[in-house]
Amino acid sequence: MDLDAFRELLAPEGRRALAQAVDLVAAGAEPVAAVTALRRTYSPALTSAALTQATLRRRAEAKFGAHAAAMYFTPHGLEQATRAEVAAHRARRIAALGSQSAIATEAGPGTGPRVLDVCCGIGGDLVALARAGCPVDAVDLDPLTAEVARANAAALGLSSPGPPSPGLPAPVRVRTADAADCDPRGYDLMFADPARRSARGRVFDPMAYSPAWPAVLELVARAPAACVKVAPGIPYEFIPDGAEAEWVSYKGEVKEAAIWTGTGTEGRRATLLPSGATLTPTGAEVAAGPVGRYLYEPDGAAIRAHLVAEVAEIVKGHLLDPRIAYITGDHAVVTEWAACYEITDVMSFSLKRLRAALRERGIGNVTIKKRGSAVDIERLRKDLRLSGAKSAVIALTRIEDRPYALLCRPAKIP
């Protein structure tokens, strides 16, 4: 889909074509049948654009919920777009900075900080920021992507002119521009989401981001305050001194990290959504010790933020091995920071021994987890040749450089 095809989609005829395409996709129509049905009325280009958009909207429901039905997407834009719940969390943090006077704003009383959103993509974050009361100027280098973001702001009622009104979403402006040419000094905060995809797929090296990491840091240095969305696996050496790095987990899955500067916070933070619980360093230390009655698997955000010792302190446990993020202990503790399993068997790992133990217990369904193990989980699942009606959790790990298998079951915590 090119820019002209997308603009045609926004015209009255294009809206009618999209509505029909949405109905066809929702009804589960085969691709050839859907194309044939639309081609009776619309051009090949409009038919293709409408069906592409309808398919993307269906996929976008996982990230944007009901709002996906009114939004527009590109394949790469949807892939990189922030999940609505995560964007809302970040927008609330940014909006709170203004109310706490951590950032001086000229927008007037009752409004959030004025934000420059560079690399805005299809607009997932600018939508959340506007809903949180932050006036947003957004830019993207790609003309089609900027047009999609502009259409999303309009579709969701966020692009009305004039100053923000208390209790109403703040206005959004979107234009095509290179992030490197923007001047963040005229804003209260800069938000950046550098592209992390190329023609070959995802990009993990920050130096291969677009803009590249040095250009991002140059923008950050000129901004009064900044928030930069990055991949969860960003190496620690890329985090600027004096910044706060926050890892965000949604329903147990680490979604992203964000680097905050100029906001009065620094260090490491883990955040759980949808609860909003946060964890920061407490100075806790944790040693390794013997296998206890329970096994705790810390949330990935806490692991990424190097806060496993803090989780161990919460559950009154210790590590199985000093280099591996599995915690064990004799107390069953309820916490959203870790999944808890009751350990039923501990054995040195061998396929023969593990298979025999599972057969003896009538276990035919297993959830296999691993940390510090080189075992191929899918290959192991096939080799176990399971049968039986019971279920179990297998945790594969290393303790003092020896491979172990721990048979577990979900803990029953009063």
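For the structure itself, consult the block above.
Residues numbered from 1 in each chain as written. Predicted model: local features only at pLDDT ≥ 70, side-chain atom pairs only at ≥ 80, totals over all residues. Heavy atoms only, no water.

Undergrad: Help me understand the layout of surface pockets in this model?
TA: Summary: where empty space remains is shown by rolling a probe the size of a single water molecule over the atoms. Taken as a whole, the largest pocket spans an internal volume of roughly 610 Å³. As for the largest pocket, its lining consists of 32 residues, of which Gln80, Gly121, Asp140, Thr145 and Ala195 are closest to the centre. Mapped onto the lining of the largest pocket, the elements with two or more residues apiece are helix 5 (75–80), helix 7 (124–131), strand 2 (136–140), helix 8 (143–155) and strand 5 (197–198). Looking at the lining of the largest pocket, its residues break down into 14 nonpolar, 12 polar and 6 charged. Roughly 520 Å³ of volume is contained in the second largest pocket. Lining the second largest pocket are 22 residues, and of these Glu79, Arg196, Arg202, Pro232 and Lys255 sit closest to its centre. (1 Å grid on protein atoms, 1.4 Å probe; cavity = no way out; pocket = protein on both sides within 12 Å on 5 of 7 lines; lining within 4 Å. Points joined across faces, edges and corners; volume = space filled by probe spheres on them. Helix = DSSP H or I, 4+ residues; strand = E, 2+ residues; numbered from the N terminus. Nonpolar A, V, L, I, M, F, W, Y, C, P; charged D, E, K, R; others polar.)

Undergrad: How should the pattern of salt bridges be read in this particular structure?
TA: What the rule picks out here adds up to 24 salt bridges. A salt bridge links Asp125 to Arg90, with the shortest nitrogen-to-oxygen separation between them at 2.6 Å. On the criterion of sequence distance, the pair formed by Asp125 in helix 7 and Arg90 in helix 6 (residues 84–99) is long-range, its members being 35 residues apart. Linked through salt bridges whose partners overlap, the residues forming this network are Arg90, Asp125, Asp193, Arg196, Lys229 and Glu256. (Salt bridge = Lys/Arg side-chain N within 4 Å of Asp/Glu carboxyl O.)

Undergrad: Where do I start with the nonpolar core in this structure?
TA: Nonpolar side chains tend to gather and get buried jointly when the protein is soluble and globular. Counting 55 residues, the largest nonpolar core has Phe64, Phe73, Leu126, Val172 and Val174 as the members making the most contacts within it. Among the elements that line this core, the one with the most residues is helix 4 (residues 44–64), at 8 residues. Beyond its immediate chain neighbours, meaning those up to four positions away, Val174 contacts Cys120, Leu126, Ala138, Ala146, Ala149 and Arg150. The next biggest cluster of nonpolar side chains, apart from the first, holds 52 residues, and it includes Leu272, Tyr294, Ala325 and Ile327. (Core = buried A, V, L, I, M, F, W, Y, C linked by side-chain atoms within 4.5 Å. Buried < 20%, exposed > 50% of the residue type's maximum accessible area, 1.4 Å probe, protein only. Contact = heavy atoms within 4.5 Å.)

Undergrad: Looking at this structure, I do not really get the state of the cysteines. What am I missing?
TA: The term disulfide refers to a covalent linkage connecting the sulfur atoms of a pair of cysteines. Overall, the coordinates contain 0 disulfides when judged by the stated rule. With no disulfide of its own, Cys227 lies 11 Å from the sulfur of Cys134, the closest cysteine sulfur. (Disulfide = S-S within 2.5 Å.)

Undergrad: Which parts of the structure should I look at to understand helix 11 (residues 308–315)?
TA: Every α-helix winds through 3.6 residues per turn, so residues three or four apart in the chain are directed the same way. Of all 8 residues in helix 11, 6 are buried; the element is thus mostly enclosed. Along helix 11, the residues that are buried comprise Val308, Ala309, Glu310, Val311, Ala312 and Val315. At its buried positions, helix 11 is contacted by strand 11 (278–279), strand 12 (294–298), helix 10 (300–304), strand 13 (318–321), strand 14 (324–329) and strand 15 (338–348). Phi turns positive one or two residues past the end of helix 11, at Lys316, with a value near 60°.

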